[in-house]
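Structural characterization, general
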Amino acid sequence: MLLQCRYLQQWQKVSCCCRREGSLISGQDTRTIQVPEKSSVEIPCGAYTPQYGNPRVEWKFEKGSSIVLFYYNSRFTDPYKDRAQYTPMGIRLALVTQKDTGKYICEVISSGELRKSEVNLIVEGNVISYEDMKVLVASGKAPIIDVRLPEEVANGHIANSVNIPVAEVEEALKMDPETFKTKYGVDKPQKDDENLIFYCQKGSRSAQATEIAMTLGYTKARNYAGGYEEWSEKEGK
């Protein structure tokens, strides 16, 4: 018996293929997940189904030519044991960094059947989540730059943000502080600011602005990839 399926939605791609060979079922479910650095992430085990009861589950981490067995005999190995939680349906990793980028392989064995699923995890170092963005906006202390066009901003914007269209970002960040404040009405961000945030409608233009800022020495600049589209949806505006 051969079963194949494919699914594509936003950041996530799922494909699976199951082949029956006697009492052994070899299955594969592959997904890709992108998350910002220092966030928590749920990594699903697509190979598990509730009817398995209490199967044997193992997790491996593959990066390049290296493969590490990090969940075995019902326990996590170093360095995961202090920041990982397990359920048969998946694992939760806290405070992920770019070092966690790689392939997570879940193997489930039950009643002589083996199924496997894979998750390609991509941890982005210069992206901020909605939850962290909400905290910064509420604090009113972080430089937040809206890189959309003025006519877009007129239809709604994130509080405490200043509008600098993406085409002006490089020139603006090269201005002296006095000229910047005269033109935009706020203090110019400092290169060592912990939270210099750029956003647009969906994250593309703000990614470009973040890259420009980083090349100019703003090494801690971050992109709110969800953009105003996510913000307005979650905030009900």
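Shown above is the structure to which this text applies.
Definitions and cut-offs
- Residues numbered from 1 in each chain as written.
- Predicted model: local features only at pLDDT ≥ 70, side-chain atom pairs only at ≥ 80, totals over all residues.
- Heavy atoms only, no water.
- Helix = DSSP H or I, 4+ residues; strand = E, 2+ residues; numbered from the N terminus.
- Buried < 20%, exposed > 50% of the residue type's maximum accessible area, 1.4 Å probe, protein only.
- Phe/Tyr/Trp six-rings, centres within 6.5 Å; stacked < 30°, edge-to-face > 60°.
- Lys NZ or Arg CZ within 6 Å of the ring centre and 35° of its normal.
- Disulfide = S-S within 2.5 Å.

1. A word on the environment of Gln208
For Gln208, the location among the structural elements is in helix H5 (residues 204–215). With a relative accessible area of 44%, Gln208 lands in the partly exposed category. When the C-alpha atoms of Gln208 and Ala167 are compared, they prove to be 9.8 Å apart, with 41 residues separating the residues in sequence.

2. Concerning the packing of aromatic side chains
Evaluated as defined, the whole model comprises 10 aromatic pairs. Geometrically, the ring pair formed by Trp59 and Phe70 is tilted, given 6.3 Å between the ring centres and 40 degrees between the ring planes. Remark: Phe70 occurs in strand S6 (residues 66–72) and Trp59 occurs in strand S5 (residues 56–63); sequence separation between them is 11 residues. Note on accessibility: Trp59 and Phe70 belong to one class, buried. Seen from their ring centres, Phe61 and Tyr104 are 4.8 Å apart, and the 40 degrees between their planes marks the pair as tilted. On the criterion of sequence distance, the pair formed by Phe61 in strand S5 and Tyr104 in strand S10 (residues 102–110) is long-range, its members being 43 residues apart. Through a chain of ring-to-ring contacts, three or more aromatic side chains come together here, namely Trp59, Phe61, Phe70, Tyr71, Phe76, Tyr80, Tyr86 and Tyr104. When the ring centre of Tyr228 is taken as origin, the NZ or CZ atom of Arg148, which lies over that ring, is 4.7 Å away. Directly above the aromatic system of Tyr130 lies the positively charged group of Lys234, at a separation of 5.4 Å from the ring centroid.

3. Things to note about the state of the cysteines
Summed over all chains, the structure comprises 1 disulfide. Each sulfur in the disulfide pair Cys45 and Cys106 lies 2.1 Å from the other. Given an S-S torsion of about -75 degrees, the disulfide between Cys45 and Cys106 has left-handed geometry. Residue Cys45 is located in the loop between strand S4 (41–44) and S5, and its partner Cys106 is located in strand S10; the two are separated by 61 residues in the primary sequence. Overall, Cys45 belongs to the buried group, its relative accessible area being 4%.

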